[in-house]
Number of protein chains: 2
Amino acid sequence: MSIRIGILGYGNLGRGVECAVRQNDDMELKCVFTRRDPSAVSILTSDAAVYSSNDILDHKDEIDVLIICGGSATDLPEMTPKYAADFNVIDSFDTHAKIPEHFAKVDSAAKNGGHIAMISVGWDPGMFSLNRAYANAILPNGKDYTFWGKGVSQGHSDAIRRIDGVQDARQYTIPVEAAVEAVRSGKNPELTTREKHTRECFVVAKEGADKAKIEKEIVTMPNYFADYDTTVHFISQEELDRDHKGIPHGGMVIRSGVTGWNNETKHVIEYKLNLESNPEFTSSVLIAYARAAYRMNKEGMSGCKTVFDVAPAYLLNMSGEDMRAHLL
Amino acid sequence: MSIRIGILGYGNLGRGVECAVRQNDDMELKCVFTRRDPSAVSILTSDAAVYSSNDILDHKDEIDVLIICGGSATDLPEMTPKYAADFNVIDSFDTHAKIPEHFAKVDSAAKNGGHIAMISVGWDPGMFSLNRAYANAILPNGKDYTFWGKGVSQGHSDAIRRIDGVQDARQYTIPVEAAVEAVRSGKNPELTTREKHTRECFVVAKEGADKAKIEKEIVTMPNYFADYDTTVHFISQEELDRDHKGIPHGGMVIRSGVTGWNNETKHVIEYKLNLESNPEFTSSVLIAYARAAYRMNKEGMSGCKTVFDVAPAYLLNMSGEDMRAHLL
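Residues numbered from 1 in each chain as written. Chains lettered and ligands numbered in written order. Predicted model: local features only at pLDDT ≥ 70, side-chain atom pairs only at ≥ 80, totals over all residues. Heavy atoms only, no water.

Draft legend 1. Spotlight on the overall build of chain A. A count of helices and strands for chain A gives 11 helices and 14 strands. Expected size for 328 residues packed as a compact globule is a radius of gyration near 20 Å; at 22 Å, chain A falls within 12% of this value. Put simply, chain A has 328 residues, and 59% of those count as buried. Here the contacts in chain A between residues at least 6 apart in sequence split such that 68% fall between residues at least 24 apart. (Helix = DSSP H or I, 4+ residues; strand = E, 2+ residues; numbered from the N terminus. Rg over C-alpha atoms; globule rule 2.2 N^0.38 Å. Buried < 20%, exposed > 50% of the residue type's maximum accessible area, 1.4 Å probe, protein only. Contact = heavy atoms within 4.5 Å.)

Written as C-alpha cells, this is what we have:
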C-alpha cells in the first residue's frame, strides 16, 4: 500500500513536493490543500484532489503524512503545531534561532495527537545540519564552516525589491573561493562575514529612477548587505527574465579537525550541494522524511523529531538486506 | 559515568582508537586485549591495563563496549560473532561482498547475548555508505559515483611487496581529475575502471634485482593493476621512509540526480574526505558508534546494526536541546 501524501500550500515548494512524490513508487499524492479558492488552483497530478485548507480535517483519514509547505516567518509557527495534533506532519522551518521554541510547541501537539512531526527538514537546516552532526561526532576536536551559494537568496532579493525605484531584482550569494580553499587546506582560519561571502545583485530600475541612489541603498543596507562586498548590476526586465529566472542554490559544510595522541593529524570532511532548484531539492528531502515519519509512527513513535532523530534506514524505499548488500 | 572502552588488537587501528577515546570526555579506555604477550605491549594510556585476549571474558564486567580492531580477511569473521555474545562490540568489517553473511552470524550472536554489535563502521563502509544512502533517499532518480584517494592502499602495497626482488613498496590510488569533474558537472558519465583511478607505486628494489621485470609484473598484475594506468617509481629505502611513511587516504561519494515533473532539474551531492591518517580517522568513527551502541543497548535494543540503523543523535556527546540549538 502506498504512503498517502497531502500537501498544504501550493507554491514553489508544494509543486516541488508534488514532483518528488511522482519519483517515489511507494507514495501517492492524494490531495493539495490551499488557502486560495480551490477551483482556481490547477495541479499537475491528474488523480489528486484540491481542497480548501478550511476543510482539511474532513480529509484527515485520507492521508498518512501532511507536508506543510508554508513560510517560516508566520505560516509554520502557527500551522505545524496546529496540524501535528491530527496528522503526521513535515515542515521546513528554517529560522534557526527559533527552532527550540518551535520544537517545544510542536512536540506537545504531536504527542497529544499520537503523531510524528518532523521539523526543520530540507538542506539548511536539514542535510547541512546532519553533516555538521556527523562531522562533530567523528572529529570532536575541530571547527565547522558553512558556505552558501552560489545561489539565489529570496530574502535578499525581496529586500532589494522593497527599495524605492526598484522594479525587480535577483540577489546571488557567492562563497569567496580563497576562504573555501583556506578551509579545505585544514588551516582552520578565522573568517569574518565579509571574508566568507560576496553578494551580487541584478536590479531592474523603474523608468527614471536614480540608480546611484538605489545602489547606495543596497550596499549600505544593515544586516542584508552592509557587512558584505556587494556588486550591483542594473539590467533590463527582459535580461532578468531571460538570464536569472532559475532558483539555484547550494553550498558546503566543511569540518576540519585533528586526531592523534598529540593532535598531530589533520582531517577535512566536506559536504557539498550544487542544486539547480532550491525548492525542488528541499521538496525531495521533505519526501524522504515523510517516508520516515510514516514508518516511525507505524512503529508507535510520536512527538516532534528532527533529522538528528531519524535512522537513515527509515528514509529509503529499500529493505535492510538490500541496503546492506548494495549501499553499505 | 564514563563509557568504558576495551580494545581488542593493538595495531594501527587499536592505537587510533586509544587516541580517539582521549578526545571524548564521556569515555575512558579501561583495557587493551592482545594476542601477543601482554608484557611486551606498551600502550599510551597510563591508567589502562593490557591483558591477554585469552582472558577477555574475565574482564567482561569492566567494559561497556569492545572495539574489535582486527583484519576483515580472517580476524573479524571469527571474532565479531564470538564476542558479540558477551559484549557490545564494534567492528570495521570491510569486505563489501561478505557483509550480508557477516551480518547474519553477528546478529544471532548479539541477540542471544542481548548486546548491540555494530559492524562495518569506518569510512567505506561507513561514512561513504551513509552518504550513498542519504543521497539515494533524496534523489531516487540518479547515479552514484565513488572515488578513492589520493591515498595509500595497504592491499596494493602488500601485493607489490610479494613480488620477487621487491624490498618495500607503497601504492597510491589516485582519482582521475577529469572523471571527477565530469561527474560533478552532472553529466552522469559511464566510466570504466581505468577512467576513474590511476595507481602510482613507489618501489624499493633489492640489490641487483631486475627492475624492468618488477615493473612489468606490477603493471600486468590481474585484479590489482592490470585494469589501471599504473606508474612505477623506483626509489631508495631512505626516500620511501622519508617521503611515504604516512597512511593518508580519502575520496568522494558523488550522486548526481534529477527532479522536476519531467526530470528537467539537475542536482549534485558530494561528500569528500581528505584524511592524513586512514586508521586514525576510521578509529574516530568507531568511537562515535561505540557511544551509539552503548546508548542503544541501554535503551533495550540488541542485535547487529549498521550505520543505517543509527539515528545521528546517538553519536554525539550532546543533549538533544544543544544539538537543536547549535547544530540544526
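Draft legend 2. Inspection of the packing of helix H10 (residues 278-298) of chain A against helix H4 (residues 127-138) of chain B at higher detail. In the contact formed by H10 of chain A and H4 of chain B, the axes pass within 8 Å of each other and the chain directions differ by 105 degrees. Classed by the angle they form, the pair H10 of chain A and H4 of chain B counts as roughly perpendicular. Residue-level inspection shows Phe281, Ser284, Val285, Ala288 and Tyr289 of chain A of H10 of chain A in contact with H4 of chain B, the latter providing Tyr134, Ala137 and Ile138 of chain B. When the residues that make up the contact of H10 of chain A with H4 of chain B are grouped by side-chain class, the tally is seven nonpolar, one polar and no charged. (Axes fitted to C-alpha atoms, helices over the stretch in contact; angles between N-to-C directions. Parallel < 35°, antiparallel > 145°, perpendicular 65-115°, else oblique. Nonpolar A, V, L, I, M, F, W, Y, C, P; charged D, E, K, R; others polar.)

Draft legend 3. Geometry of the pattern of salt bridges. Residue and element names in this part refer to chain A. Considering all chains together, one arrives at 34 salt bridges over all chains under this definition. The shortest N-O distance in the salt bridge between Lys213 and Glu217 comes to 3.7 Å. Of this pair, Lys213 and Glu217 both sit in helix H8 (residues 211-219), separated by four residues, roughly a single helical turn. Overall, Lys213 belongs to the partly exposed group, its relative accessible area being 45%. Overall, Glu217 belongs to the partly exposed group, its relative accessible area being 33%. (Salt bridge = Lys/Arg side-chain N within 4 Å of Asp/Glu carboxyl O.)

Draft legend 4. Representation of the interface of chain B and chain A in the model. Each partner contributes to the interface: chain B provides 70 residues, whereas chain A provides 69 residues. Carbon and sulfur atoms make up 64% of the area that chain B and chain A hide from each other, which totals about 6,100 Å². On inspection of chain B and its partner chain A, the count reaches zero salt bridges. At the boundary of chain B with chain A, the tally comes to 27 residue pairs in polar contact (both at pLDDT 80 or more). (Buried area = accessible area lost by both parts, 1.4 Å probe. Polar contact = N/O pair within 3.5 Å; in protein donor to acceptor, adjacent residues only side chain to side chain.)

Draft legend 5. Representation of the environment of Asn317 of chain A within the structure. Residue and element names in this part refer to chain A. Its location among the elements puts Asn317 in the loop between strand S14 (303-305) and helix H11 (320-326). In sequence terms Asn317 and Asp26 are 291 residues apart; their C-alpha atoms lie 7.1 Å from each other. When sequence neighbours within four positions are dropped, the list of residues in contact with Asn317 reads Asp25, Asp26, Arg291 and Arg295.

Draft legend 6. Layout of the side chain of Arg170 of chain B. All names here are of chain B. Structurally, the position occupied by Arg170 is in strand S9 (residues 166-175). As a buried residue without a salt bridge, Arg170 has its nearest oppositely charged side chain in Asp168, at a separation of 5.9 Å. Within the structure, the side chain of Arg170 is placed 3.0 Å from the backbone oxygen of His244, a separation counted as a polar contact. In this structure the side chain of Arg170 is engaged in a polar contact, spanning 2.8 Å, whose partner is the backbone oxygen of Gly246. (Lys, Arg positive; Asp, Glu negative; His and termini not counted.)

Draft legend 7. Fine view of the environment of Ser42 of chain B. Residue and element names in this part refer to chain B. You can see Ser42 is positioned in the loop between strand S2 (27-34) and strand S3 (49-52). Taking relative accessible area as the criterion, Ser42 reaches 63% and is therefore assigned exposed. A C-alpha to C-alpha distance of 32 Å links Ser42 and Val307, two positions 265 residues apart in sequence.

Draft legend 8. How the structure looks around the relation of the copies chain B and chain A. When chain B is brought onto chain A, the operation consists of a screw motion whose angular component is 180 degrees and whose axial shift is 0.0 Å, with 0.0 Å RMSD remaining. Taken together, the rotation and translation describe the operation of a two-fold axis. Relative to the rotation axis, the C-alpha of Ala311 of chain B is the closest in chain B, positioned 1.9 Å from it. (Least-squares fit on C-alpha atoms with pLDDT ≥ 70 in both.)

Draft legend 9. Quick look at the packing of aromatic side chains. Under the criterion given, the structure shown has 11 aromatic pairs over all chains. Between Tyr172 of chain A and Phe202 of chain A, the aromatic rings sit 5.8 Å apart at their centres with planes inclined by 85 degrees, giving edge-to-face as the arrangement. Taken together, the residues span a long stretch of sequence, with Tyr172 of chain A in strand S9 (residues 166-175) and Phe202 of chain A in strand S10 (residues 197-205) at a distance of 30 residues. Residue Tyr172 of chain A shares its accessibility class with Phe202 of chain A, and that shared class is buried. A network of ring pairs unites the aromatic residues Trp123, Phe128 and Tyr271 of chain A as a single cluster. The ring of Trp261 of chain B has Arg22 of chain A lying over it, and the distance from NZ or CZ to the ring centre is 3.9 Å. Looking at Arg199 of chain A, its charged tip hangs above the ring of Tyr228 of chain A, at a distance of 4.1 Å from the centre. (Phe/Tyr/Trp six-rings, centres within 6.5 Å; stacked < 30°, edge-to-face > 60°. Lys NZ or Arg CZ within 6 Å of the ring centre and 35° of its normal.)

Read these as layout, nothing more, since geometry by itself doesn't imply function.
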